[in-house]
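# Inside the fold
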Amino acid sequence: MAARSAVSRGLFNEAVRAVLGSWPVLQIAVENCFGGPHVQEKAEWMVGAVEQYFHTNSDLEQYEVEEALQSILNDEFDTVVEDGSLPLIAQQLCTLYSQCHRGDTAAVQQKIAQLSQKKYNVKANVQEVKAQEDEEESSDDNEEEEAMDCETSINTSHAVPSVSSTPSTSEAGGHSGDPQELEQEADEWTVVRRKKK
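It should be emphasised that the depicted structure is a prediction, and the values quoted were computed from it without experimental measurement.

## Side note on helix α5 (residues 86-102)
Along an α-helix, a turn takes 3.6 residues, which lines up residues three or four apart on a common side. Here α5 is 17 residues long and its end C-alpha atoms lie 24 Å apart, about the 24 Å a rise of 1.5 Å per residue gives. Buried within α5 are the following residues: L86, I89, A90, Q92, L93, C94, L96, Y97, Q99 and C100. Looking one or two places after α5, you find G103, whose phi comes out positive at around 90°.

## Notes on the pattern of salt bridges
Two side chains carrying opposite charge are able to pair once their charged atoms lie near each other. For the structure on display, the rule yields 2 salt bridges. Of the charged contacts, one joins R17 and E44 as a salt bridge, the two residues approaching to 2.6 Å between their closest N and O atoms. Here E44 lies in helix α3 (residues 39-56) and R17 lies in helix α1 (residues 2-21), a separation of 27 residues in the sequence. E76 is the partner of K42 in a salt bridge, and the nearest nitrogen-oxygen pair spans 3.9 Å. With a gap of 34 residues between them, K42 in helix α3 and E76 in helix α4 (residues 62-77) connect regions that are remote in the sequence.

## Thoughts on the nonpolar core
One finds W23, M46, V50, F54, L69, F77 and L93 to be the most contacted residues of the largest nonpolar core, which totals 36 residues. Broken down by secondary-structure element, the contributors of at least two residues to this core are α1, α2 (24-31), α3, α4, α5 and α6 (105-117). For this core, the leading source of residues is α5, giving 8 residues. Residues within four places of L93 in sequence aside, it is in contact with F12, V16, V19, V50, F54, V65 and L69.

## Description of the environment of E66
With respect to the element layout, E66 can be found in helix α4. Separated by 21 residues in sequence, E66 and P87 place their C-alpha atoms 6.2 Å apart. For E66, the contacting residues outside a window of four places in its chain are L86, P87 and A90.

## What about the packing of aromatic side chains?
In total, this model carries 4 aromatic pairs according to the counting rule given. Ring centres of F12 and F54 lie 5.2 Å apart, and the angle between their planes is 70°; on these two criteria the pair is classed as edge-to-face. In this pair, F12 sits in helix α1 while F54 sits in helix α3, placing the two residues 42 residues apart along the sequence. Here the two residues F12 and F54 agree in accessibility, since each one is buried. Summarising the aromatic geometry, the rings of F54 and Y97 are spaced 5.2 Å apart at their centres and angled 35° between planes, so their arrangement reads as tilted. Residue F54 is located in helix α3, and its partner Y97 is located in helix α5; the two are separated by 43 residues in the primary sequence.

Criteria and cut-off values
Residues numbered from 1 in each chain as written. Predicted model: local features only at pLDDT ≥ 70, side-chain atom pairs only at ≥ 80, totals over all residues. Heavy atoms only, no water. Helix = DSSP H or I, 4+ residues; strand = E, 2+ residues; numbered from the N terminus. Expected span 1.5 Å × (residues − 1). Buried < 20%, exposed > 50% of the residue type's maximum accessible area, 1.4 Å probe, protein only. Salt bridge = Lys/Arg side-chain N within 4 Å of Asp/Glu carboxyl O. Core = buried A, V, L, I, M, F, W, Y, C linked by side-chain atoms within 4.5 Å. Contact = heavy atoms within 4.5 Å. Phe/Tyr/Trp six-rings, centres within 6.5 Å; stacked < 30°, edge-to-face > 60°.

Below you can see the structure in the form of structure tokens.
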């Protein structure tokens, strides 16, 4: 019985490592050093901490595992999970733990193999996203330059008459003498100018 327990414990360690290794949120946090200079050690520690959490607490519910994972990510990696993956990761860990505990090693090994194939490649995904962002930024820069060119041509090609600084005495028509005067342009632009003192 003790030998079976040691085997299932070692298998569960592998399972935890595979689940956390395929979790994009954690891998991005590690790759970008969200946890500080010792982030690799923290990621390694997290595998043992999660394993220990299951072994020291009996009959864990999925929400308890979610809370524990969120707490570790928040405290150790300054990361808040907002992509909806936390319940899935907690569920996988609970399922794998119960399979190890029952001695269903074949199912656990199959899941570990699946997760190892899906292992999240942070560098490839980050480079792909970065390339898309660079393209978007360059098109945004071009649009901003075009917008600036338009503003410059509007300001230089149309001479806008300045508003008189003498207040009008008639309240019914014309301008009211407020600090800001409005002029309506032919192209529906409204120009706001401050009165000179």
